Amino acid sequence: MECVFGLVGKGFALVVADTSAVHSILLHKTNEDKIMVLDSHKLMGASGEAGDRAQFTEYIQKNVALYQFRNGIPLTTAAAANFTRGELATALRKNPYSVNILLAGYDKETGPSLYYIDYISTLHKVDKAAFGYGSYFSLSMMDRHYHCDMSLEEAVDLVDKCIIEIRSRLVIAPPNFVIKIVDQDGAREHAWRESIKDAPISAA
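The shown structure was predicted, so the numbers you read here are calculated from the model rather than taken from an experiment.

Asks: Break down the state of the cysteines for me, with residues and values.
Replies: Overall, the coordinates contain zero disulfides when judged by the stated rule. In this model Cys3 remains outside any disulfide bridge; the closest cysteine sulfur is found in Cys162, 10 Å from its own. The thiol of Cys148 is unpaired, and the distance to the nearest cysteine sulfur, on Cys162, comes to 17 Å.

Rendered as structure tokens:
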């Protein structure tokens, strides 16, 4: 029951993801971070099979870093999105990844942006997007309350409304969420929304 969603506000982009690591009917942990910091000004939120998600996002992260190391300049958000889309399209004909991605970034020239990339390598630049079962509720909330010049406070308030809706309406709702933002100051973790915590492991 994964939930990943994001939006673009005035001078920033924001990505939210649940933090549940689930296999079949088992919940393994509730603090799995599904939003990777690609570089200083890019975030990649991913949903899908755990192995594909971890392997593919790390592969993209290292290749983005390699490009900057070789050329001395970072990829733009649009270039990183197109590179990601190309790698998914190549894998689709060989050994496809079951992974859906929201790529958010901030560029000095163009400002914040958000890209929707699904497992069959569809790429769209969007103002708001969502993946997973939580998208049924988060998209409807964003359709109602979103506007393009949202402040950070308004965006976080909308995120909280989406999380409340997911928790109250989804039959097996993830308990915890992480919120990350990217703006002119860089990509960083903003907050967690937790309803349960992992129990500490006692010493034997």
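Asks: Give a detailed account of the packing of aromatic side chains, specifying residues and quantitative values.
Replies: Remark: the centre distance and the inter-plane angle together describe each pair of aromatic rings, the angle taken between the planes. Summed over all chains, the structure comprises four aromatic pairs. On the numbers, 4.8 Å between centres and 50 degrees between planes, the contact of Phe56 with Tyr97 is tilted. Of the two residues, Phe56 sits in helix H1 (residues 50-71) while Tyr97 sits in the loop between helix H2 (77-92) and strand E7 (99-107), which places them 41 residues apart along the sequence. The same class applies to Phe56 and to Tyr97, which are both buried. The interplanar angle of 35 degrees and the centroid separation of 6.5 Å between the aromatic rings of Tyr133 and Tyr136 together place this pair among those described as tilted. Given a relative accessible area of 60%, Tyr136 falls into the exposed group. Put simply, the rings of Phe56, Tyr59 and Tyr97 pair up and form one aromatic cluster.

Asks: Lay out the sheet that holds strand E5 (residues 35-39) with the relevant residues and their values.
Replies: Here we have five strands laid out as an open sheet, ordered E5-E6-E7-E8-E9, and antiparallel in their pairing. The open sheet has two edge strands with one neighbour each: E5 and strand E9 (123-126). Geometrically, the sheet is characterised by an average inter-axis angle of 25 degrees between neighbouring strands, direction not taken into account. Inspection of the sheet shows strand E6 (residues 42-48) paired to E7 by seven bridges, in the antiparallel sense. Bridge pairing links Gly48 to Val99 in E7. Docked against the sheet, H1 engages E5, E6 and E7, running at close to 15 degrees with respect to E5.

Asks: So what's going on with the packing of H1 against H2? Residues and values would help.
Replies: Look at H1 against H2: their axes get within 11 Å of each other, and the N-to-C directions meet at 135 degrees. Classified by the interaxial angle, the pair formed by H1 and H2 is oblique. The crossing of H1 and H2 is right-handed. Contacts between H1 and H2 involve Phe56, Tyr59, Ile60 and Asn63 from the first element and Phe83, Thr84, Glu87 and Leu88 from the second. Counted by class, the contact of H1 with H2 contains five nonpolar, two polar and one charged residues.

The rules behind these values
Residues numbered from 1 in each chain as written. Predicted model: local features only at pLDDT ≥ 70, side-chain atom pairs only at ≥ 80, totals over all residues. Heavy atoms only, no water. Disulfide = S-S within 2.5 Å. Phe/Tyr/Trp six-rings, centres within 6.5 Å; stacked < 30°, edge-to-face > 60°. Helix = DSSP H or I, 4+ residues; strand = E, 2+ residues; numbered from the N terminus. Buried < 20%, exposed > 50% of the residue type's maximum accessible area, 1.4 Å probe, protein only. Pairing = 2+ DSSP bridges. Axes fitted to C-alpha atoms, helices over the stretch in contact; angles between N-to-C directions. Contact = heavy atoms within 4.5 Å. Parallel < 35°, antiparallel > 145°, perpendicular 65-115°, else oblique. Left-handed = near helix turned anticlockwise from the far one by under 90°. Nonpolar A, V, L, I, M, F, W, Y, C, P; charged D, E, K, R; others polar.

Honestly, that's just the spatial picture; any functional story needs more than this.
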